[in-house]
Each structure stands twice: as structure tokens, then as C-alpha cells.
Amino acid sequence: MIMKILEKVIPEFLRDDNKELDKDRLNFRRLWRLSIFLTVLVSLVPLVFMTLLHYHLAQQYLESESYNHTYRFVRNTWRYVASFLDERKTVLELFANQYSFEELNSPGQLEAILENVKKRLGGVQDIGVINSSGIQTNYVGPYKLKGINYSNQKWFKKVLKHNAYISDVFLG
């Protein structure tokens, strides 16, 4: 059955092994092969070109989308963290302006402020008062930090210079 199909598809001049006939007539074998080759070439070159172009464009699109998604995620996270820290800073500035230094150093007042902040905001574990010399004069929280000298710390120097500073987490 396959042989019958091949006999119908393959032209007779390709099956003809008589080399003497080829001398007197056009070389149909060569012409037929050339036409098949050109047909394949004309159809495959644009296909390969479009495939490579599509691959390149798809890769650029995916990289761009990945970058944009990451950029938006980081920007939104940064905004959230900045808002979170700014809110806490505003509350602490409010208490610092509302109470005198002496009131903040009284034993019960700082505890009441910490409880009030914990109820309303959350995320605050401890609170302390540091004088202009860098000595922690009052502290309420889980650590023993009262009396520690912070005058040589970079964050303390920035607080003196800018009146407020949000530092990295500082352990003692």
C-alpha cells in the first residue's frame, strides 16, 4: 500500500534510471529537486525567523513582567514599613511632647504609656527614656537596660543631630 502511494507521489522521471535519456532532455530530476528545495526553503526560513523573533519577544516580556511585579511588591512593602514606622514615631513624639522629662522618668508613668501604646498600636515591646548625655534614665520592658550609656552609638548621635532617628533593631 505504501509503495502504491509513493508511486503516485514520486514523478516518473525520478524513478527512471536510464542515464542516456538525461543527456538529451532537460534535467528534470535536478529541476524537481531544486523546486522542492526552494519550496522548503521559502516556507521554513520565515517560520524559523518568526519562531526566533517570538521567543525573543516572549523572553523580554516575561523578564519585564517579573521585574515589574517585583518592583511593585518591594515598593508596596517599603511604603507599608515606612507607614508603620512613621505611625509609631508620631505616637512617641506625641508622648515626648505631652510629658516632661521628669514625668517620663517617674516609675509608673512610662509603664502606663507603654500599655497605652500596646493597646492602640501593637508592635511595641519596650520603651525607654535617654537623657541628652546618652544615659538611659528609665526603661520599661523585658530587658535590664536602665543606666546604660549610649553616647557612643551612631544612632544616638543621629538623634542629637536630627531630633529623631529610626534605626535598625538595636539589642541593648
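Everything here concerns the structure above.
What you see is a predicted model, and the numbers here were worked out from it, not measured in a lab.

A.B. asks: Just to check I follow, could you spell out the overall build of the chain for this structure?
C.D. replies: Scanning the chain from N- to C-terminus turns up 7 helices and 2 strands. Helices (α) and strands (β) of the chain occur, in sequence order from the N terminus, as α-α-α-α-α-α-β-β-α. Here the chain, with 172 residues, has 13% of them falling under the buried criterion. Contacts in the chain between residues at least 24 apart in sequence constitute 28% of all its contacts with a sequence separation of at least 6.

A.B. asks: Got a minute to help me understand the pattern of salt bridges in this structure?
C.D. replies: It is possible for side chains bearing opposite charge to pair when their charged atoms get close. Scanning all chains against the criterion turns up 1 salt bridge. The partner of Glu87 in a salt bridge is Arg88, with the nearest N and O atoms 2.8 Å apart. The class of Glu87 is partly exposed, set by a relative accessible area of 40%. Take Arg88: its relative accessible area is 11%, and that puts it in the buried class.

A.B. asks: Mind showing me how you'd approach the nonpolar core here?
C.D. replies: Nonpolar side chains tend to gather and get buried jointly when the protein is soluble and globular. Counting residues in hydrophobic clusters, the biggest one holds 11 residues: Val91, Phe95, Leu104, Leu110, Ile113, Leu114, Val117, Val124, Ile127, Val129 and Val140. Looking at this core, the elements with two or more residues in it are helix H4 (28–98), helix H6 (107–120) and strand E1 (127–130). The greatest single-element share of this core, amounting to 4 residues, is contributed by H6. Other than its neighbours up to four places away in sequence, Leu110 contacts Leu104, Ile127, Gly128, Val129, Asn138, Tyr139 and Val140. Within the second largest apolar cluster, 5 residues are counted, among which are Tyr139, Leu145, Tyr150 and Trp155.

Rules used throughout
Residues numbered from 1 in each chain as written. Predicted model: local features only at pLDDT ≥ 70, side-chain atom pairs only at ≥ 80, totals over all residues. Heavy atoms only, no water. Helix = DSSP H or I, 4+ residues; strand = E, 2+ residues; numbered from the N terminus. Buried < 20%, exposed > 50% of the residue type's maximum accessible area, 1.4 Å probe, protein only. Contact = heavy atoms within 4.5 Å. Salt bridge = Lys/Arg side-chain N within 4 Å of Asp/Glu carboxyl O. Core = buried A, V, L, I, M, F, W, Y, C linked by side-chain atoms within 4.5 Å.

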